[in-house]
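Okay, here's what each chain looks like letter by letter:
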Amino acid sequence: MSEDVQIKVYHVTRLNAAVDRMSDEDCALVLLDLSLPDGYGSFTIDFAAQFARQLPVVILTGIEDDSLARMAIQAGAADYIICKSVLSEVQLAKTIESAVERQRRLDRLMGLSLDRVVSGTNDSLHDPVTGLMSEALFKDRLEHTLACSERNQSPFTPMASHT
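Residues numbered from 1 in each chain as written. Predicted model: local features only at pLDDT ≥ 70, side-chain atom pairs only at ≥ 80, totals over all residues. Heavy atoms only, no water.

### As for the pairing of strand E4 (residues 57–61)
Residues in a regular strand project their side chains so that they alternate between the two faces of the sheet. The condition that has to hold: Only protein chains enter the accessibility calculation, which uses a 1.4 Å probe. A residue is then buried if its area is under 20% of the maximum for its type, exposed if over 50%, and partly exposed in between. Think of it this way: any DSSP run of H or I at least four residues long counts as a helix, any run of E at least two long counts as a strand, and we number them from the N terminus. Note: two strands are recorded as paired if DSSP finds a minimum of 2 bridges between them. A clockwise course of the path from the first strand over the helix to the second, judged with the strands pointing away from the viewer, identifies a crossover as right-handed.
The buried count for E4 comes to 5 of 5 residues, which makes it a mostly enclosed element. Of the two faces of E4, both are covered, the one formed by Val57, Ile59 and Thr61 as well as the one formed by Val58 and Leu60. Across 3 bridges, the pairing between strand E1 (residues 30–32) and E4 is parallel. From the neighbouring strand, leucine 32 faces E4, where its bridge partner is isoleucine 59. Direction of pairing for E4 relative to strand E5 (residues 79–82): parallel, over a ladder of 4 bridges. Within E5, the residue paired with valine 58 across the bridge is aspartate 79. Following the backbone out of E4, through helix H3 (residues 66–74) and into the adjacent parallel E5, one traces a crossover that is right-handed.

### Points about the pattern of salt bridges
Counted only if it meets this: In what follows, salt bridge is the name for a side-chain nitrogen of Lys or Arg lying within 4 Å of a carboxyl oxygen of Asp or Glu.
In this structure the tally under the stated criterion is 1 salt bridge. Of the charged contacts in the structure, one is a salt bridge between glutamate 101 and arginine 104, with a shortest N-O distance of 3.8 Å. With a gap of 3 residues between them, glutamate 101 and arginine 104 both fall in helix H4 (residues 89–119), about one helical turn apart. On the basis of relative accessibility, which here comes to 49%, the residue arginine 104 falls in the partly exposed class.

### A short note on the environment of glutamine 91
The line we're drawing: What makes two residues a contact is simply this: any of their non-hydrogen atoms within 4.5 Å.
Note on placement: glutamine 91 falls in helix H4. Counting along the chain gives 10 residues from glutamine 91 to isoleucine 81, while the straight-line C-alpha distance between them is 9.9 Å. Apart from residues no more than four positions distant in its own chain, glutamine 91 is found in contact with Ile81, Arg151 and Asn152.

### Some points on H3
To keep things clear, this is the line we draw: The directions considered for the arc are those from the helix axis to the C-beta atoms.
Taken together, the buried positions of H3 are Leu68, Ala69 and Ala72. Down the axis of H3, the buried side of the element spans an arc of 100°, and every buried residue falls inside it. What points out from H3, more than 90 degrees from its buried face, is the exposed set Asp66 and Gln74. A positive phi of about 115° marks glycine 76, the residue just after H3.

### Focus: the nonpolar core
This is how it is decided: We call a set of buried Ala, Val, Leu, Ile, Met, Phe, Trp, Tyr and Cys residues a nonpolar core when their side-chain atoms join them within 4.5 Å.
If you look at the biggest cluster of nonpolar residues, it comprises 19 residues, and the most contacted ones within it are Leu32, Leu34, Ile59 and Tyr80. Counting residues per element, the ones that place at least two in this core are helix H1 (15–24), E1, helix H2 (42–52), E4 and H3. Among residues more than four places away in sequence, those in contact with leucine 34 are Gly39, Tyr40, Gly41, Thr44, Ile45, Ile59, Leu60, Thr61, Ile63, Leu68 and Tyr80. Counting residues in each nonpolar core, the second largest holds 8 residues, with Val58, Ala78, Ile96 and Val100 among its members.

### Quick look at helix H5 (residues 135–151)
What counts is decided by this rule: A helix is expected to span 1.5 Å for every residue after the first.
Here H5 spans 24 Å end to end across 17 residues, near enough to the 24 Å set by a 1.5 Å rise per residue. Every buried residue of H5 is accounted for by Leu137, Asp140, His144, Cys148, Ser149 and Arg151. Phi turns positive one or two residues past the end of H5, at glutamine 153, with a value near 50°.

Now the structure itself:
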């Protein structure tokens, strides 16, 4: 992250307190633990899905469960990091920066989409006939996947199918 960026961190230990804090403050990101006193695992993911459309949600957890990670990403989480030990400051900063930037791009894409619907051109993020994602949305998701792969030092193999 840029050295001149000011970040305010609010720490809460319950989901209810998170809702109160987010309604009172202008939040840019949610760092979420899946092991809270009033929410655990998939329940917490469902809760976070309520905010995934408005805020990027990065899950930091000690729960090592691939199905839970997939569920979180499918529900809209920007990233899912398993913290077995100390998470490096650099890795966390890159994750936060990536999630916030991705949300900004998505907000711009959605704004363009809304502008087109309002203007009558109705060129949205998905093809109205096939339901396939637009080129702009595909590129955004591909860039995000590649960035996550690079950041987590895990291989990514693109696959294509022609039907």
